[in-house]
Amino acid sequence: HPSRPAPPPLERISHVTLVGQGNVSLDVARMLLTPPSVLAKYDVPKPVLEVLERSNVQHVSILGRRGPFQAAFTTKELREMMNLPGASMVPLDPAYLTAPEGSLKLTRQQSRTLQLLQKGSNNKPGTTKKTWSLDFFRSPTGLTTPNNAGDKARLSLGHTILDPSNRAVPTGETSTLETDLVITSLGHHAEPSAPWYDPSLNHLRTLSGRVVDAGGRIVRNVYASGWAATGARGVLVSTMMDAYAVADTILRDHFPEEDVHTTPISESDAGAGGGQDTPAAEAIEVLPKHVEADTFPPEVEAWLREGRVTDFEDWKAVDAEEVRCGEAMGKERERMVWEEAREFLASARPRNIDITA
Ligand code: NAP
């Protein structure tokens, strides 16, 4: 598809290095190491499956600048890596497999991670062609790309230890890792050019899901949930619960139970969704008694015109089309990327909104 970036030539790649030890890293590793015949049953898009079917990837290194107790991945995702069919984890340095002496008590998540690491992968080391490794206390410092096709790139690594505040600091030791492909997976922040983006938070500023502008006032009829409102954290279910809570806020704002002003928004209200970062008290504003649900701020009006914003009708149309294409291919759905969905919507339902009227 013209709007998809060119895929990496996985047929010429045997060693992949992932930088970062979060769940996105483990997701990438799992996609690279799972047999495509297994993935074909799920909603992996066909063009992606075709790339994976040609793959020659044998080893995936997952680099973290800190240790097993600071890794950002969750135990469920680590367990899925341990259970991968046809792949095994390279044994860890035994020094990583005990709780550090004199340390504070491990959290539940840290204890479970330790247990999983001690147990190792279901497939024992040396029994599979494909392998993966968790390379702790390593931070990339440089990359030398090969002069000749077929040669490997050399990734320079600085070895690290934790300082008293658990930050990674260099030990002065270094090593080199030969690899074919380096993928960074270091977390995510919202698009800084987006209106209402707060550079000090790296995401939108919200109060109980209500978007707050740079002047600290609530932007009428604009809400944010999930990563837009909280930054890139939490697993799928946390994002879902946040969306439910913000939907509750929207309903409370637009359909107050009594025909009186809605309760002034207070800081104690911030837990209702998306509001982990409570703005200063001057942001607090009593919502108008009658909110016109059909008026949008100018930014949203422009985006609707440009097709950069979707509404629920659009979502339903895309959903139905994905399911329809999937049926023909014997799978749950065939996902569209954003550009494909835009093209589909532009061709299926030309928008004729005159919002100036
Ligand atoms: P993440 O959880 O924030 O992990 C980022 C990783 O990158 C951490 O290991 C971090 O190490 C490392 N990192 C950041 N800056 C670095 C630097 N300059 N040098 C070296 N390492 C660096 O990010 P993510 O994996 O993108 O995930 C985002 C959110 O989505 C998370 O809440 C995650 O749980 C969620 N998610 C969930 C699922 C799921 O439910 N299955 C799947 C995917 C994502 P430090 O800790 O040392 O900074």
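Residues numbered from 1 in each chain as written. Predicted model: local features only at pLDDT ≥ 70, side-chain atom pairs only at ≥ 80, totals over all residues. Heavy atoms only, no water.

If you look the protein up in an unreviewed UniProt entry, it shows as NADPH:adrenodoxin oxidoreductase, mitochondrial from Trametes pubescens.

Participant: How should I be thinking about the sheet that holds strand S13 (residues 218-223) in this particular structure?
Facilitator: The pairing of strands in a sheet happens through backbone hydrogen bonds and is either parallel or antiparallel. Across the sheet, three strands lie side by side as S11-S12-S13; this open sheet has antiparallel pairing. The outermost strands of the open sheet, each flanked by one partner alone, are strand S11 (206-207) and S13. As judged from the two bridges shared by strand S12 (residues 210-212) and S13, these two strands associate in the antiparallel manner. Residue valine 212 lies in a different strand from S13, and its bridge partner there is isoleucine 218. Helix H7 (residues 236-254) contacts S12 and S13 of the sheet and is inclined by roughly 120° relative to S13. (Pairing = 2+ DSSP bridges. Helix = DSSP H or I, 4+ residues; strand = E, 2+ residues; numbered from the N terminus. Contact = heavy atoms within 4.5 Å. Axes fitted to C-alpha atoms, helices over the stretch in contact; angles between N-to-C directions.)

Participant: Would you explain the nonpolar core in this entry?
Facilitator: Most often, soluble globular proteins keep nonpolar side chains buried together rather than apart. Of all hydrophobic cores here, the largest spans 33 residues; its most connected members are Val60, Ile62, Leu78, Trp132 and Leu134. When residues in this core are grouped by element, the largest group, four residues, is from helix H1 (residues 23-33). Not counting chain neighbours up to four residues away, the residues in contact with leucine 78 comprise Leu26, Phe73, Thr113, Leu116, Leu117, Trp132 and Leu134. In this structure, Tyr197, Val211, Ala229 and Val300 belong to the second largest nonpolar core, which totals 10 residues. (Core = buried A, V, L, I, M, F, W, Y, C linked by side-chain atoms within 4.5 Å. Buried < 20%, exposed > 50% of the residue type's maximum accessible area, 1.4 Å probe, protein only.)

Participant: Help me out: how do you make sense of the packing of aromatic side chains in this one?
Facilitator: Working definition: an aromatic ring pair is given by the centre-to-centre distance plus the angle between the planes. For the structure shown, the criterion picks out three aromatic pairs. Taking 5.5 Å as the distance between ring centres and 80° as the angle between the ring planes, the aromatic pair formed by tyrosine 96 and phenylalanine 136 counts as edge-to-face. With tyrosine 96 in the loop between strand S3 (87-89) and helix H5 (108-119) and phenylalanine 136 in the loop between strand S4 (130-135) and strand S5 (138-144), the pair connects residues that are 40 residues apart, well separated along the chain. Geometrically, the ring pair formed by phenylalanine 312 and tryptophan 315 is stacked, given 5.9 Å between the ring centres and 20° between the ring planes. Of this pair, phenylalanine 312 and tryptophan 315 both sit in helix H9 (residues 312-328), three residues apart, which is roughly one turn of the helix. (Phe/Tyr/Trp six-rings, centres within 6.5 Å; stacked < 30°, edge-to-face > 60°.)

Participant: What am I meant to see in the packing of H9 against helix H10 (residues 338-348) here?
Facilitator: Angle between the axes and distance between the axes: these two values describe a pair of packed helices. It is at 10 Å that the axes of H9 and H10 come closest, and there the two elements cross at 105°. One finds that H9 runs roughly perpendicular with respect to H10. Listed contacts from H10 to Asp314, Ala317, Val318 and Glu321 of H9 are Ala341, Phe344 and Leu345. Its residues assigned to classes, the contact of H9 with H10 shows five nonpolar, no polar and two charged. (Parallel < 35°, antiparallel > 145°, perpendicular 65-115°, else oblique. Nonpolar A, V, L, I, M, F, W, Y, C, P; charged D, E, K, R; others polar.)

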